[in-house]
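Analysis of the macromolecular model
The chain contents come next:
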Amino acid sequence: MGAVGGMQIRLSGASLKNMAYITMFIDHFFAIILLNYLWMTAVDGAWDSGLTVIYRAGRAVGRIAFVLFAHQIVEGFWHTRSRGKFLLRLGLFALGSEIPFDLAFSGVIIDWKSQNIFFTLLIGVLVLTLWDRLAGERGAVYGVMRWFVLLSGCMAAYLGNTDYRYMGVLLIFAFYRTYDRKLSDKVILSGIVMLLGTWSCNCLRYLDAGYTVAELFQVSMREMYGLAAFIPLAFYDGTKGRQLPKWFCYGFYPAHLLFLYGAARYIGVM
């Protein structure tokens, strides 16, 4: 919690979620509507320079969303009454969001090349659940098992082509490990995870496509715009706030993807 001009500013968990929804919608608007328009109007493969700047600015704003969601999913993990039901909800919405996700980003009903963010959140919470359970056991073997769980979750996210892949799982884990730590600790660890996680993942995916390690590092730096999420997080007061209904919190994701897909089809960019 912080102060500006002598005034105390407090942000509840509900406020952070609302910011996450807004920045996510901005990100997906540019990724679905404007990106398709840029490709449709490209001349010899080159995009309009002015719209390209706007596109990159919109996607930069969108980097904030997942950091906020990762933070709030860890808050949910610690405060939920039933972790089993929490996992079940994430799993159901992961399945229910896949067709809207594939339609919006690929234009097809099923695309195995990429899976929606709920799968990343599901894997992340499953890792935390198992890690937390094993943490209560003594012995070196349980310590090894905990790290095996984390590695398995990262592999599942990468091989399953979930959104943000293993960087997303590691960011959730980073918020878990720094839950009771200073904001500066959260910023440092999250920044390391976001940069190195994205960079290493891009290297695994694109080095064979002719990109250099340096080029992929430069592209991966764009993920660091997400550190702006720590500005509102600095004012988080730890309260739940007036929450929107759960059906809205979970249903907004597939609903807004279907809306943007329909809008893209209607204006003829998809």
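Here goes a summary of the coordinates provided. Remember, it's a predicted structure, so these values are computed and weren't measured experimentally. (Residues numbered from 1 in each chain as written. Predicted model: local features only at pLDDT ≥ 70, side-chain atom pairs only at ≥ 80, totals over all residues. Heavy atoms only, no water.)

**Considerations on the overall build of the protein chain**
- Along the protein chain, the regular secondary structure elements total 10 helices and two strands.
- Counted from the first residue to the last, the protein chain has its helices and strands arranged as β-β-α-α-α-α-α-α-α-α-α-α.
- Taken over the C-alpha trace, the protein chain has a radius of gyration of 19 Å; the compact-globule value for 270 residues is 18 Å, and the two agree within 12%.
- Here the protein chain holds 270 residues, and the buried ones make up 44% of them.
- In the protein chain, once contacts between residues fewer than 6 apart in sequence are set aside, the share between residues at least 24 apart is 73%.
- Only carbon and sulfur atoms are counted for the fraction: they give 66% of the accessible area of the protein chain, which is about 14,500 Å².
- Seen as two clouds, the 24 positive and the 16 negative side-chain charges of the protein chain have centres 10 Å apart. (Helix = DSSP H or I, 4+ residues; strand = E, 2+ residues; numbered from the N terminus. Rg over C-alpha atoms; globule rule 2.2 N^0.38 Å. Buried < 20%, exposed > 50% of the residue type's maximum accessible area, 1.4 Å probe, protein only. Contact = heavy atoms within 4.5 Å. Areas by Shrake-Rupley, 256 points an atom, 1.4 Å probe, with all protein chains shown as cover. Lys, Arg positive; Asp, Glu negative; His and termini not counted. Charge placed at Lys NZ, Arg CZ, Asp CG, Glu CD.)

**Things to note about unusual backbone geometry**
- You will see that D44, though not glycine, has its phi angle at about 55°, which is positive.
- One can find D44 in the loop between helix 1 (13-40) and helix 2 (49-79).
- At R165, a residue that is not glycine, the phi angle is positive and equals roughly 45°.
- Its place among the elements puts R165 in helix 6 (residues 165-177).
- Look at R165 and you get buried, because its relative accessible area is 9%.

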